[in-house]
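Structure at a glance
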Amino acid sequence: MVNLKILNKEISTWIEEYPLLEEIINLKESLWINPQYNKFEESIKNISLSDADVLDAENRLNRFAPYIAQVFPETKSENGIIESPIVKIDNMKTKLEDRCGEKLIGNLLLKCDSHLKVSGSIKARGGIYEVLKHAEDLALQNNIIALDDNYEKLHTDEVRSFFSNYSVVVGSTGNLGLSIGIMSAKLGFKVTVHMSDDARQWKKDLLRSKGVEVIEYESDYSKAVEEGRKQADADANSYFVDDENSKNLFLGYSVAARRLEKQLKDINIKVDSNNPLFVYLPCGVGGGPGGVAFGLKLLFKDNVHFFFAEPTHSPCMMIGCMTKEHDNVCVQDFGIDNVTAADGLAVGRASGFVGKTLEKLMSGCYSVTDENMYRLLATMADSENIFLEPSALAGVCGIVNILTSKEGKKYLRDNNLEDKVKNINHIAWATGGSMVPKNIMDEYYNKGVSLLK
Ligand SMILES: *Cc1c(COP(=O)(O)O)cnc(C)c1O
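Residues numbered from 1 in each chain as written. Predicted model: local features only at pLDDT ≥ 70, side-chain atom pairs only at ≥ 80, totals over all residues. Heavy atoms only, no water.

To continue, consider the sheet that holds strand 5 (residues 190-195). Across the sheet, which stays open at both edges, the four strands sit in the order 6-5-4-7 with parallel pairing between neighbours. The open sheet is flanked by strand 6 (213-216) and strand 7 (238-241), the only strands paired with a single partner. Averaged over neighbouring strand pairs, the angle between their axes works out to 20° when direction is ignored. Of the strand pairs in this sheet, strand 5 and strand 6 are connected by four bridges, and their pairing is parallel. Paired with H194 across the two strands is I215, which belongs to strand 6. Taken strand by strand, helix 10 (residues 221-233) contacts strand 4 (167-172), strand 5 and strand 7, and its axis lies near 165° from that of strand 4. (Pairing = 2+ DSSP bridges. Helix = DSSP H or I, 4+ residues; strand = E, 2+ residues; numbered from the N terminus. Axes fitted to C-alpha atoms, helices over the stretch in contact; angles between N-to-C directions. Contact = heavy atoms within 4.5 Å.)

This is how it looks when you write it as structure tokens:
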């Protein structure tokens with residue numbers, strides 16, 4: 001246990017106020033139910049973002065769709081709309097039942113953002129959106145396009161040469177860098193990605209192969225972001241994608257919700273007071289899961305319940321929201337090392353903007369060990385033939401946590417959901433994996449298999 005004071009309070013005092021902290025500090029898998037969780041109409045009151053902002057983002061992505069279809073031919077079949085499938089994972093559910101020794105009532109689905117085109121992770125939503133928004137702003141200001149043009153017009157050498165006068169900068173553990181790097185380079189921007197030491201070599205290699213400048217640090221995500229911000233501040237033509245505070249990223253992610261609503265309708269899944277939706281989202285800094293969850297809340301209000309999933313070594317959102325200190329604290333303050341195999345989630349300090357926005361909308365957070373993410377990875381591969389990166393598995397045990405733990409059952413009781421348990425649709429958000437090279441995926445898989453023995 002650490003002896004240092006955190007925000008002028010002894011660690012023992014923190015634990016007295018928030019007893020769950022002791023478990024979290026000891027790296028135990030924990031489930032925190034948000035005591036501030038409240039009815040939608042109350043919770044939304046002091047939030048500045050609204051349906052109109054989400055719609056604006058959706059319309060922007062629609063304007064860019066013809067361009068995207070041209071420059072990323074793999075998106076042609078969906079007319080340039082980058083969207084992922086949702087699938088039922090009954091075999092995986094049976095495996096989860098075997099493991100926890102209880103029947104899991106209800107329906108389990110996987111939202112496969114792991115298979116989003118272009119950048120293979122949830123970042124293909126927010127990251128690509130933010131770059132497009134910046135490009136559109138510049139192009140409109142300089143009379144290169146008008147809002148009602150066909151944006152295929154942007155796919156010329158002249159436009160690329162115009163964008164080459166501007167640069168885009170981002171700090172990342174890997175996947176955000178991939179999406180920002182790939183999209184920016186395609187438009188013609190100069191782009192620099194500042195990578196933390198968690199970032200995998202193949203991601204750096206891939207970016208460099210596309211002409212992206214990659215700067216590496218021997219420290220964690222916060223340092224990479226800080227250096228990126230410094231570089232961008234020094235240059236007026238430079239645009240910094242601020243993963244910790246960006247409303248654009250958040251809105252880009254939020255567009256997922258209306259598309260999901262349609263997908264659920266197509267497979268005859270209802271969301272209403274009799275058919276609640278539970279969604280489990282892997283969380284790093286919070287923008288991705290936060291944006292998606294916010295969009296879902298605007299649509300489904302009290303009929304959707306969302307939980308964030310984090311590694312036991314990086315539970316930054318859980319600690320930030322529980323203590324209500326948000327970005328005033330980081331996991332390292334509490335002696336937690338922020339070292340995890342789930343590189344997409346290796347964040348020690350959560351976004352204050354996201355934590356505060358979701359303060360009363362979030363149902364809770366839970367943590368998962370790296371070993372369990374690996375076990376789930378191998379089980380998912382064997383039972384469903386779906387290959388995900390470790391981070392993307394964190395959401396998959398959410399159904400077990402809610403249905404079988406004391407705290408989870410209490411949450412169901414407190415929200416009058418006990419007699420609706422059989423109608424609940426549980427969605428685990430699979431956030432990445434399809435671009436992981438085969439030899440590395442084999443390593444992940446073999447590690448999971450050996451841990452299952
Ligand atoms: C980035 C990422 C997340 C979480 O998104 P945040 O915006 O950092 O919270 C989850 N899973 C994967 C695979 C990611 O790359």
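Anyway, onward from the coordinates.
We now examine the state of the cysteines. Counted according to the given criterion, the structure contains zero disulfides. For the unlinked cysteine C316, the closest cysteine sulfur is that of C283, found at 5.6 Å. C100 supplies the cysteine sulfur nearest to C397, a cysteine that is in no disulfide, at a spacing of 11 Å. (Disulfide = S-S within 2.5 Å.)

What follows deals with the site of the ligand. For the ligand, the set of nearby residues contains 16 residues, the closest of which are K123, N175, G286, G288 and T431. Residue G284 places a main-chain N or O atom 2.8 Å away from an oxygen atom belonging to the ligand. Here a nitrogen atom of the ligand sits 2.6 Å away from a polar atom, N or O, in the side chain of T431. Burial of the ligand by the surrounding chains reaches 98%, relative to a free accessible area of 370 Å². (Near = heavy atom within 4 Å. Polar contact = N/O pair within 3.5 Å; in protein donor to acceptor, adjacent residues only side chain to side chain. Areas by Shrake-Rupley, 256 points an atom, 1.4 Å probe, with all protein chains shown as cover.)

This part takes up the pattern of salt bridges. The final tally for this structure, using the stated rule, is 28 salt bridges. R60 is paired through a salt bridge with D56; the nearest N and O atoms lie 3.1 Å apart. Of this pair, R60 and D56 are both found in helix 4 (residues 51-71), four residues apart, which corresponds to roughly one turn of the helix. The exposure class of R60 is buried, given its relative accessible area of 7%. The partner of K223 in a salt bridge is E227, and the shortest N-O contact between them spans 3.2 Å. Remark: E227 and K223 occur in helix 10; sequence separation between them is four residues, near one turn of the helix. On the accessibility criterion, K223 (32% relative accessible area) is partly exposed. According to the relative accessible area criterion, E227 is buried, its value standing at 17%. (Salt bridge = Lys/Arg side-chain N within 4 Å of Asp/Glu carboxyl O. Buried < 20%, exposed > 50% of the residue type's maximum accessible area, 1.4 Å probe, protein only.)

A word on helix 9 (residues 201-209). For helix 9, the set of buried residues is W202, K203, K204 and L207. Where helix 9 is buried, its residues contact helix 8 (175-187), strand 5, strand 6 and helix 19 (438-452). Just downstream of helix 9 lies G211, where phi reads positive at about 85°.

A few words now on the UniProt feature "modified residue: N6-(pyridoxal phosphate)lysine" (unreviewed entry) in the protein chain. On the UniProt side, "modified residue: N6-(pyridoxal phosphate)lysine" (unreviewed entry) is annotated at positions that read K123 here. Along the polypeptide, K123 turns up in helix 6 (residues 123-141). Judged by relative accessible area, K123 falls into the buried class, the value being 14%. Setting aside residues up to four positions removed in sequence, K123 forms contacts with I128, N175, L176, S179 and Y253. (UniProt positions renumbered as here; feature names shortened; annotations may be inferred.)

Split into domains, the protein chain comes out as domain 1 (5-49 + 78-118 + 255-452) and domain 2 (123-247). Each of domain 1 and domain 2 has a C-alpha centre, and these two points are 27 Å apart. The interface is formed by 30 residues belonging to domain 1 together with 18 residues belonging to domain 2. In this assembly, domain 1 packs against domain 2 so that about 2000 Å² is buried in total across both faces, 55% of it on carbon and sulfur atoms. Area buried by domain 1 at its contact with domain 2 is led by D343, F353 and M435, which between them contribute 26% of it. At the junction of domain 1 with domain 2, the criterion picks out five salt bridges. Note that D343 is salt-bridged to K203, the shortest N-O span being 3.1 Å. Run the count over domain 1 and domain 2 and you get ten residue pairs in polar contact (both at pLDDT 80 or more). Breaking the side of domain 1 that touches domain 2 down by element, the ones donating at least two residues are helix 12 (256-266), helix 15 (352-357) and helix 19. (Domains from an automatic or database assignment. Buried area = accessible area lost by both parts, 1.4 Å probe.)

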